[in-house]
Amino acid sequence: MNAPLRSWAGSLIALLLCAICWQAAVAAEQRKPHVTILATGGTIAGAAETGTQSGYKSGAVTIDAMLAAVPGIDKLAIVKGEQVANVGSQDMSFEILIKLAKRINELAPSADVDGFVITHGTDTMEESAYFLNLTVKTNKPVVMVGSMRPSTALSADGPLNLYNAVGVAADPKAKGRGVLVVMNDQIHGAHSLTKTSTTAVETFLSPLRGLIGVASYGKNDFYNTPPWKHTTQSEFDISNVTKLPRVDVVFADVDMPGDLIDCSVERGAKGIVIAGVGNGNMTKAAVDAASRAAQKGIVVVRSSRVPTGFVGRNVELDDDKLGFVASYELNPQKARVLLTLALLKQRSLSDIQNLYDLY
Ligand code: ASP
């Protein structure tokens, strides 16, 4: 072969190799899962003036800026972000949650969505996770994530939490386990997790049932599936709902007066959850007030202010006689979410009691 011919053949081979590499890159990109991030605010989107300042503003950073702080996230999935709200989760409302659930239900059937990540403050993450667990209608992973330190802090925990959350949302093994929360390398189920520390990065624990799995730099190990009904098996449908009935939580303590319960009734509550002492107990004055409420048709659920354990029926109080419901494993804030959704339709007390068993 003469020299010009050799160089022409060389160029052709190089061109062919380039085309093959390009095609392989396109195919690899096409195989990547698609994850949609719906942002709602919280400390993960919080900012302070300096890296060591303890005071900061929640929900100050947009989803695009958050994603820019997580190098390599595009290796896990093709990520798209949407801002649904930008609030500290102390200001999370049922209105925003209904909007969020409807948006997930709208996007979920698309072949361009393999999973969802919801960025959210940690303060009310557990009840939002549980609300979505009951109202989203998809088997695709829905993963909530937050952080304990604002985005500007020294050792901010948000970027790795977000990276791991996308890794879980992109993982087919996360399907069918209900809404998950990924924080601090741990994967929690919506039914069981609870916030336990006001400041520590390991704030979420699932004291009664343990973790669903662990997440480490985009690699996940799942070893648990929640036994309760959720998502596609859930009977709660918010597609035509814009407003939910009022349900209050009343905190029990030593010498608790009954008039807090009376006040709730006067303000139009359709349900009252007692954050009881011990096994859902309360003073005699409170039992009398709660029993008056129950006689008026207001649903009274006994839960507990104790962070772990089970509230059973007819233990120290005669629920059958008083017309009360026991929350079983749900803490007051989640017992309230379930009761709020249950009250969207007329149900007997025994039906409502049964929901605490099923969900
Ligand atoms: N107050 C913040 C929030 O819940 C705290 C956090 O995100 O950790 O939005």
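Structure: above.
These numbers were taken from a predicted model, which means no experiment stands behind them. (Residues numbered from 1 in each chain as written. Predicted model: local features only at pLDDT ≥ 70, side-chain atom pairs only at ≥ 80, totals over all residues. Heavy atoms only, no water.)

Engineer: How do you make sense of the nonpolar core when you look at a structure like this?
Structural biologist: One broad rule of soluble globular proteins: the nonpolar side chains tend to lie buried together. Of all hydrophobic cores here, the largest spans 54 residues; its most connected members are Ile104, Phe116, Ile118, Phe131, Leu132, Leu338 and Tyr356. Ranked by residue count, the leading element in this core is helix H4 (residues 94-107), at 7 residues. When near neighbours in sequence (up to four residues on either side) are disregarded, Phe131 contacts Phe94, Leu97, Ile98, Ala101, Leu244, Val337 and Leu341. Grouped together as the second largest cluster of nonpolar side chains are 30 residues, Ala45, Met66, Ala77 and Leu180 included. (Core = buried A, V, L, I, M, F, W, Y, C linked by side-chain atoms within 4.5 Å. Buried < 20%, exposed > 50% of the residue type's maximum accessible area, 1.4 Å probe, protein only. Helix = DSSP H or I, 4+ residues; strand = E, 2+ residues; numbered from the N terminus. Contact = heavy atoms within 4.5 Å.)

Engineer: Help me understand the environment of Lys75 in this model?
Structural biologist: Among the secondary structure elements, Lys75 is positioned in helix H3 (residues 73-76). Considered as a pair, Lys75 and Thr225 are 150 residues apart in the sequence and their alpha carbons are 27 Å apart.

Engineer: Any chance you could explain the sheet that holds strand E14 (residues 324-326) here in plain terms?
Structural biologist: Here we have 4 strands laid out as an open sheet, ordered E11-E12-E13-E14, and parallel in their pairing. Looking at which strands have only one partner, the edges of the open sheet turn out to be strand E11 (247-251) and E14. Direction aside, the axes of adjacent strands within the sheet are offset by 25° on average. Here helix H7 (residues 259-266) sits on the sheet in contact with E11 and strand E12 (271-276), set at roughly 160° to E12. Against the sheet, helix H10 (residues 332-342) engages E11, E12 and strand E13 (299-304), with an angle of about 165° to E12. (Pairing = 2+ DSSP bridges. Axes fitted to C-alpha atoms, helices over the stretch in contact; angles between N-to-C directions.)

Engineer: For this particular structure, what's the right way to read the pattern of salt bridges?
Structural biologist: Any two side chains of opposite charge can pair, given that their charged atoms come close. The full count for this structure, using the stated rule, is 11 salt bridges. Across the pair Lys284 and Asp288 runs a salt bridge, and its minimum N-O distance is 2.9 Å. Linking Lys284 with Asp288, this pair stays in helix H8 (residues 284-295), spanning 4 residues, or about one helical turn. Salt bridges linked by common partners bring Glu82, Arg103 and Glu106 together as one network. (Salt bridge = Lys/Arg side-chain N within 4 Å of Asp/Glu carboxyl O.)

Engineer: I would appreciate a short explanation of helix H6 (residues 158-169) in the present structure.
Structural biologist: Structural remark: α-helix, 3.6 residues per turn; residues separated by three or four positions point the same way. An ideal rise of 1.5 Å per residue puts 16 Å on 12 residues; H6 measures up with 16 Å between its terminal C-alpha atoms. Taken residue by residue, H6 has Gly158, Asn161, Leu162, Tyr163, Asn164, Ala165, Val166, Gly167, Val168 and Ala169 as its buried positions. (Expected span 1.5 Å × (residues − 1).)

Engineer: Could you clarify how one ought to interpret helix H11 (residues 349-358) in this entry?
Structural biologist: Taken as a whole, H11 has its buried residues at Ile352, Gln353, Leu355 and Tyr356. Buried residues of H11 fall within an arc of 150° about the axis and therefore sit on the same side. Its buried side turned inward, H11 meets E13, E14 and H10. (Arc of directions from axis to C-beta.)

Engineer: What is the right way to read the sheet that holds strand E2 (residues 78-87) from this model?
Structural biologist: Paired through their backbone hydrogen bonds, the strands of a sheet run either parallel or antiparallel. In spatial order, the strands read E2-E1-E3-E4-E5-E6-E9-E10; together these 8 strands make up an open sheet with mixed pairing. For this open sheet the edge positions go to E2 and strand E10 (219-222), each flanked by a neighbour on one side alone. Here the average twist between neighbouring strands, direction ignored, is 25°. Sheet analysis places strand E6 (residues 186-189) next to strand E9 (residues 213-216), joined by 2 bridges and oriented antiparallel. Its bridge partner being in E9, Ile187 is matched across the sheet by Gly213. Across the sheet, helix H5 (residues 125-135) is in contact with strand E3 (115-119), strand E4 (142-145) and strand E5 (180-183); its angle to E4 comes to roughly 170°. The strands touched by H6 are strand E1 (34-41), E2, E3, E4, E5, E6, E9 and E10; relative to E3, the strand with the most contacts, the crossing angle is about 155°.

Engineer: Help me understand the site of the ligand, please; the structure alone is not making it clear to me.
Structural biologist: All residues in the neighbourhood of the ligand are listed as Gly42, Thr43, Tyr56, Ser58, Gly88, Ser89, Gln90, Gly121, Thr122, Asp123 and Ser147. Within the side chain of Gln90, an N or O atom sits 2.9 Å from a nitrogen atom of the ligand. Between a nitrogen atom of the ligand and a side-chain N or O atom of Asp123, the distance comes to 2.8 Å. When the free accessible area of the ligand is taken as 260 Å², the share hidden by the protein chains comes to 93%. (Near = heavy atom within 4 Å. Polar contact = N/O pair within 3.5 Å; in protein donor to acceptor, adjacent residues only side chain to side chain. Areas by Shrake-Rupley, 256 points an atom, 1.4 Å probe, with all protein chains shown as cover.)

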